[in-house]
Amino acid sequence: MKSMDYHIDKVDEAEYPEVVELWEASVRATHAFLKEEDIAYFKPLILHEYLKAVELRCIRNDRHTIVGFLGVAERKIEMLFIHPDVRGHGIGKMLLKHALEKMKATRVDVNEENIQAVGFYEHLGFRTVMRSALDAMGKPYPILHMELSS
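Computed from a predicted model, the values in this text were never measured in an experiment.

**Some words on helix H4 (residues 115-123)**
Part 1: Among the residues of H4, Ala117, Val118 and Tyr121 are the ones counted as buried. Seen along its axis, H4 keeps its buried residues to an arc of 100 degrees; they face one direction. For H4, the exposed residues set more than 90 degrees away from the buried face come down to Ile115, Gln116 and His123.
Part 2: Along its buried surface, H4 packs onto strand E4 (76-82), helix H3 (91-101), strand E5 (107-111), strand E6 (126-132) and strand E7 (143-148).
Part 3: Where H4 ends, the next residue or the one after it, glycine 125, has phi of about 105 degrees, a positive value.

Here it is as structure tokens:
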């Protein structure tokens, strides 16, 4: 599909379950380092807390199905997930461009073990400014704190 077949849109709260399903599919495809109990732990937090804490945008295909989403808070990308069926179609780049240009995001935290995501952000101008040994929940998943290079 070409980028013209997609459009960026707001997410209605009634669509949160669909967004969480997409999150889980994306995490299973890209976060092999996570344990099953970690996915089970985060899933209800995402549904009931995290999605409400960000300015949420999604990208829909021509059938109005959400195929990727982005959450920004205080100029920081808090989440960016793409459905595994459409990875490599430029959707992540479109969402990131939207975050930078329309939402004025300049920072992102990335799991260090998610090598593809780290490379994606580096390729698009981010650099690591700090590393944390634990994630925000105190779990042993190192986080790279990245900022857009000026």
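**Quick word on H3**
Part 1: Looking at H3, one finds that the buried residues are Ile91, Gly92, Leu95, Leu96, His98 and Ala99. The buried residues of H3 all sit within an arc of 155 degrees when viewed along its axis, so they share a single face.
Part 2: Each element contacted by the buried residues of H3 is listed here: strand E1 (7-10), strand E2 (55-60), strand E3 (66-73), E4, H4 and E6.

**Quick look at the nonpolar core**
Part 1: The biggest cluster of nonpolar side chains holds 23 residues, and the ones touching the most others in it are Leu70, Ile77, Leu80, Ile91 and Tyr121.
Part 2: The element contributing the most residues to this core is H3, with four residues.
Part 3: For tyrosine 121, the contacting residues outside a window of four places in its chain are Ile77, Leu80, Leu96, Val108, Val110, Phe126 and Met146.
Part 4: Membership of the second largest hydrophobic core comes to 22 residues, among which are Val19, Val27, Ile66 and Phe69.

**Some words on unusual backbone geometry**
Part 1: Of note, glutamate 74 is a non-glycine position whose phi angle comes to about 50 degrees, a positive value.
Part 2: One can find glutamate 74 in the loop between E3 and E4.
Part 3: By relative accessible area, glutamate 74 is classed as exposed at 72%.
Part 4: Even without glycine at this site, lysine 104 takes up a positive phi of about 60 degrees.
Part 5: Note that lysine 104 resides in the loop between H3 and E5.
Part 6: Lysine 104 gets classed as partly exposed once you look at its relative accessible area, which sits at 48%.

**Concerning the packing of aromatic side chains**
Given two aromatic rings, their pairing is described by the distance between the two centres and the angle made by the two planes.
Part 1: By the definition in use, this model includes five aromatic pairs.
Part 2: Aromatic side chains phenylalanine 33 and tyrosine 141 sit 5.7 Å apart centroid to centroid with 55 degrees between the ring planes, which places their arrangement in the tilted category. Residue phenylalanine 33 is located in the loop between helix H1 (16-30) and helix H2 (36-50), and its partner tyrosine 141 is located in the loop between E6 and E7; the two are separated by 108 residues in the primary sequence.
Part 3: In this structure phenylalanine 33 comes out as buried when scored by relative accessible area, which is 17%.
Part 4: Positioned above the aromatic ring of tyrosine 41, the side-chain terminus of lysine 139 is 4.5 Å from the ring centre.

Calculation notes
- Residues numbered from 1 in each chain as written.
- Predicted model: local features only at pLDDT ≥ 70, side-chain atom pairs only at ≥ 80, totals over all residues.
- Heavy atoms only, no water.
- Buried < 20%, exposed > 50% of the residue type's maximum accessible area, 1.4 Å probe, protein only.
- Helix = DSSP H or I, 4+ residues; strand = E, 2+ residues; numbered from the N terminus.
- Arc of directions from axis to C-beta.
- Contact = heavy atoms within 4.5 Å.
- Core = buried A, V, L, I, M, F, W, Y, C linked by side-chain atoms within 4.5 Å.
- Phe/Tyr/Trp six-rings, centres within 6.5 Å; stacked < 30°, edge-to-face > 60°.
- Lys NZ or Arg CZ within 6 Å of the ring centre and 35° of its normal.

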